[in-house]
Amino acid sequence: MRKEQMKLPGKRTGLLLLPLLFWLLPTVWLERGPSLCLITYITGKPCPGCGMTRALSCLVHDEPRRAWRYNRLAFIVAPLLGYVWAKSLLTTSHSVPSTSLEGEKGSHELRLSTPER
């Protein structure tokens, strides 16, 4: 079995568990932690993405007003993330690993030759 075939179930499982893990992670836990934004760290001013993780967590936990206070862009980003997640999940579940040897290192061709006369 090729490595790509073995990775597919793990990738599919990871994609399925990602929203569940984000839902299980309480927003309070994210609020207690420090900001990890490099732009804020360097400039001292918030960037347009600051608060996005907390806002998305609030949306997942059905707290839209708190999400709005953290970052209003979350209402645009959340549907886009959902679309990308669903598309990745569908692409992963429908992709069938190739069994041909084309394009692989050390691929072999069968050449039939006729004797010269």
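Rules used throughout
Residues numbered from 1 in each chain as written. Predicted model: local features only at pLDDT ≥ 70, side-chain atom pairs only at ≥ 80, totals over all residues. Heavy atoms only, no water. Disulfide = S-S within 2.5 Å. Core = buried A, V, L, I, M, F, W, Y, C linked by side-chain atoms within 4.5 Å. Buried < 20%, exposed > 50% of the residue type's maximum accessible area, 1.4 Å probe, protein only. Helix = DSSP H or I, 4+ residues; strand = E, 2+ residues; numbered from the N terminus. Contact = heavy atoms within 4.5 Å. Patch = residues over 30% accessible without salt bridge, like charges linked within 9 Å, V, L, I, M, F, W, Y side chains within 5 Å. Areas by Shrake-Rupley, 256 points an atom, 1.4 Å probe, with all protein chains shown as cover. Salt bridge = Lys/Arg side-chain N within 4 Å of Asp/Glu carboxyl O.

Engineer: How would you summarise the state of the cysteines if you had to cite specific residues and measurements?
Structural biologist: Counted according to the given criterion, the structure contains zero disulfides. The thiol of Cys37 is not disulfide-bonded; the next cysteine sulfur, from Cys47, is found 3.5 Å away.

Engineer: Pulling in residues and values, what's your account of the nonpolar core?
Structural biologist: Ranked by size, the top nonpolar core spans six residues in total: Met52, Ala55, Leu56, Cys58, Ala67 and Ala74. Per-element tally for this core: the top contributor is helix H4 (residues 52–60), with four residues. Discounting residues that sit within four places of it in the chain, Ala74 has contacts with Met52, Ala55, Leu56, Leu59 and Pro79.

Engineer: Give me a nonpolar patch on the surface: which residues, what numbers.
Structural biologist: A contiguous nonpolar patch, built from Leu17, Leu20, Leu21, Trp23, Leu24 and Val60 and spanning about 560 Å² of accessible area, is present on the exposed surface. Looking at the nonpolar patch, the element that brings in the most residues is helix H1 (residues 3–24), giving five residues.

Engineer: Lay out the side chain of Thr27 with the relevant residues and their values.
Structural biologist: As for its placement among the helices and strands, Thr27 is situated in helix H2 (residues 27–32). With residues up to four places along the chain from it excluded, the contact list for Thr27 reads Arg54, Ser57, Cys58, His61 and Arg66.

Engineer: How would you sum up H4? Please name residues and give values.
Structural biologist: For H4, the complete set of buried residues consists of Met52, Ala55, Leu56, Ser57 and Cys58. Within two residues after H4, Asp62 carries a phi angle of roughly 60 degrees, on the positive side.

Engineer: Residues and numbers for the pattern of salt bridges, please.
Structural biologist: A full pass over the atoms with the stated rule returns two salt bridges. Arg66 serves as the salt-bridge partner of Glu31, at 2.1 Å between the closest nitrogen and oxygen. Here Glu31, found in helix H2, pairs with Arg66, found in helix H5 (residues 64–70); they are 35 residues apart in sequence, far enough to count as distant. For Glu31, a relative accessible area of 29% gives the class partly exposed.

Engineer: Before we move on, could you go through the environment of Ala78 and cite the residues and values that matter?
Structural biologist: The residue Ala78 is located in helix H6 (residues 74–94) in this model. Classification of Ala78 as partly exposed rests on a relative accessible area of 26%. For Ala78 and Met52, which are 26 residues apart along the polypeptide, the C-alpha to C-alpha distance reads 9.6 Å. Among all residues touching Ala78, those that are not within four sequence positions of it are Leu56 and Leu59.

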